[in-house]
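Observations on the model geometry
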Amino acid sequence: KTTLIFKTRIVVIGAGQAGLSAAYYLRQKGLVPGKDFVILDQSPQPGGAWQYRWPSLTLSTVNRVHDLPGLPFGDTLENDHTNVRASVAVPHYFDVYENTFGISVFRPVKVSVVCRRDGRFRVETDRGMYSAEGLINATGTWETPYIPEYPGAALFEGIQLHTKDYRTADVFAGKQVVIVGAGISAIQLLDEVSRVAGTTWVSRKPPLFREGPFDESAGRDAVAIVEDRVRRGLPPGSVVSVTGLPVTPAINAMRARGVLNRLPMFSEITKTGVRWADGREIDADVILWCTGFRSSLDHLTPLMLREEGGGIIMTGRLATQVAKDPHIHMIGYGPSASTIGANRAGRAAVAELMATLGMS
Ligand code: FAD
């Protein structure tokens, strides 16, 4: 039995902010979707990871969703949109975007493996195979929740969840919940869960609260730190972890309610709860790990891009190009792992990849 292989020049994997930005610039350069390039996405709907965000994450509680190139987000919103769910508004935006620019995303198509064959990339999916000269990987982080290892985790008789599993606080009513993490998600979920349940908040390091507005130069500095890491082949770390958390009215209200009392990280998990190194122990029904995500790159394993330290050495103008193989660009990775970063990176990646392929 022969397997049909669809030949194209560039495969884009992922149709979130990063993949759509790349597709926009590929279109601008005159490439025809479905012929010169294909964009594959495993999710059922437009919206990237935004389609999975929990219902209480609204446009007033997200950090900020930056516009994609060529069509402002605001143009696709109703007048009064502050309380609209991000999981509704962003997928609607991406849907309109794909239609406006004729970006036909093949979905749901899950890429399982990418490898090298005869100087080309072979992209294996659950819906057939593709062969391409260039690759733009834009698979985000949502599929790869990170939970640190602690002794006793397997003994715990309660429930362990990750931010990715969170839908609504109601399911925790009356329970004792340990919330782990010091990022935006940890604080937001602590706020919600503490209204209906007993909470204990722990994190390895205290959160970096930031008074006053976030100025652009601080943002640039934060991105520069992550960019420097990936250029040296270190794992990126999150951009948000270096930007700090803005002190919002919601955070002041949490302080007033007395729920922002952080404890240091526990040292082990017991059958009934968690225990600190000094012997202190508490009972818990739930451990909610708000401990972030890692880049979803398992399908690239056969390409052997990683260095010993676990990162990938990135090069190019905005650090989107893989140094070991310049025919691969990764956007939404490292310094471009934000909606604004993904946009800029899409443009740079397309220009550089086309130059590498002799297409510009
Ligand atoms: P995604 O949106 O995750 O898109 C990746 C796409 O790739 C998905 O559609 C997925 O289906 C697809 N995919 C993955 N693996 C495969 C595969 N093997 N085969 C085929 N398809 C695949 N950033 C901001 O700038 N502002 C915010 O307010 C903000 N809020 C956030 C809130 C939360 C809770 C989280 C977790 C992150 C937030 N971020 C925010 C970061 C945000 O996720 C990124 O900025 C941006 O949306 C990521 O876009 P992306 O295209 O890289 O990834």
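Just above, that's the structure.
Overview of the side chain of S194
When you line up the elements, S194 lands in the loop between α3 (184-193) and β11 (198-203). There is a polar contact of 3.0 Å between the side chain of S194 and the backbone oxygen of D191. A polar contact of 3.1 Å, which involves the side chain of S194, links it to the side chain of R257.

A closer look at the pairing of strand β7 (residues 128-132)
By the criterion of burial, β7 is predominantly enclosed, with four of the five residues buried. Pairing of strand β1 (residues 5-7) with β7 involves three bridges; the strand directions are parallel. Bridging across to β7, F6 finds its partner in Y130. Linking strand β6 (residues 120-125) back to β7 in an antiparallel pair, the connection comprises two residues.

Some remarks on the site of the ligand
Among the 29 residues in the neighbourhood of the ligand, the closest are listed as D41, S43, N63, R64 and T339. Residue R53 places a side-chain N or O atom 2.9 Å away from an oxygen atom belonging to the ligand. Isolated, the ligand exposes 990 Å² of accessible area, and the fraction of that covered by the protein chains is 88%. For the shell around the ligand, a count of residues per class yields 12 nonpolar, 13 polar and four charged.

So, the environment of R255
Along the polypeptide, R255 turns up in helix α6 (residues 249-257). Residues R255 and D191, 64 residues apart in the sequence, show an inter-C-alpha distance of 10.0 Å. In this structure R255 touches F209, E211, V247 and L260, once residues within four positions along its chain are discounted.

Let's talk about empty space enclosed by the protein
The rolling of a water-molecule-sized probe over the atoms marks out the regions of remaining empty space. Counting across every chain of the model gives one cavity of 30 Å³ or more. Taken as a whole, the largest cavity spans an internal volume of roughly 40 Å³. Lining the largest cavity we find N137, A138, T139, G140, S295, L297, I331, G332 and Y333. Residues that form the lining of the largest cavity fall into these classes: four nonpolar, five polar and no charged.

Notes on the pattern of salt bridges
Applying the stated criterion across every chain yields a total of 14 salt bridges. Of the charged contacts, one joins R116 and D325 as a salt bridge, the two residues approaching to 2.8 Å between their closest N and O atoms. Note that R116 is positioned in strand β5 (residues 111-117) and D325 in the loop between β20 (321-322) and β21 (328-330), a separation of 209 residues in sequence. Classification of R116 by relative accessible area gives partly exposed; the value is 30%. With a shortest N-O distance of 2.9 Å, E227 and R231 are connected by a salt bridge. Placement of both E227 and R231 in helix α4 (residues 216-231) is noted, with a separation of four residues, approximately one turn of the helix.

Some points on helix α2 (residues 86-100)
With 15 residues, α2 ought to run about 21 Å at 1.5 Å a step, and its terminal C-alpha atoms sit 21 Å apart, in line with that. Of the positions making up α2, those classed as buried are A86, S87, A89, V90, P91, Y93, F94, Y97 and E98.

Describing the sheet that holds β7
The strand order β1-β7-β6-β5 describes an open sheet built from four strands, whose pairing is mixed. Only two strands of the sheet have a single partner each, and these edge strands are β1 and β5. On average, each strand axis in the sheet is inclined to that of its neighbour by 25 degrees, with strand direction left out of account. Note that β6 and β7 share five bridges and pair antiparallel. When the bridges of β7 are listed, F121 appears paired with A132.

Calculation notes
Residues numbered from 1 in each chain as written. Predicted model: local features only at pLDDT ≥ 70, side-chain atom pairs only at ≥ 80, totals over all residues. Heavy atoms only, no water. Helix = DSSP H or I, 4+ residues; strand = E, 2+ residues; numbered from the N terminus. Polar contact = N/O pair within 3.5 Å; in protein donor to acceptor, adjacent residues only side chain to side chain. Buried < 20%, exposed > 50% of the residue type's maximum accessible area, 1.4 Å probe, protein only. Pairing = 2+ DSSP bridges. Near = heavy atom within 4 Å. Areas by Shrake-Rupley, 256 points an atom, 1.4 Å probe, with all protein chains shown as cover. Nonpolar A, V, L, I, M, F, W, Y, C, P; charged D, E, K, R; others polar. Contact = heavy atoms within 4.5 Å. 1 Å grid on protein atoms, 1.4 Å probe; cavity = no way out; pocket = protein on both sides within 12 Å on 5 of 7 lines; lining within 4 Å. Points joined across faces, edges and corners; volume = space filled by probe spheres on them. Salt bridge = Lys/Arg side-chain N within 4 Å of Asp/Glu carboxyl O. Expected span 1.5 Å × (residues − 1). Axes fitted to C-alpha atoms, helices over the stretch in contact; angles between N-to-C directions.

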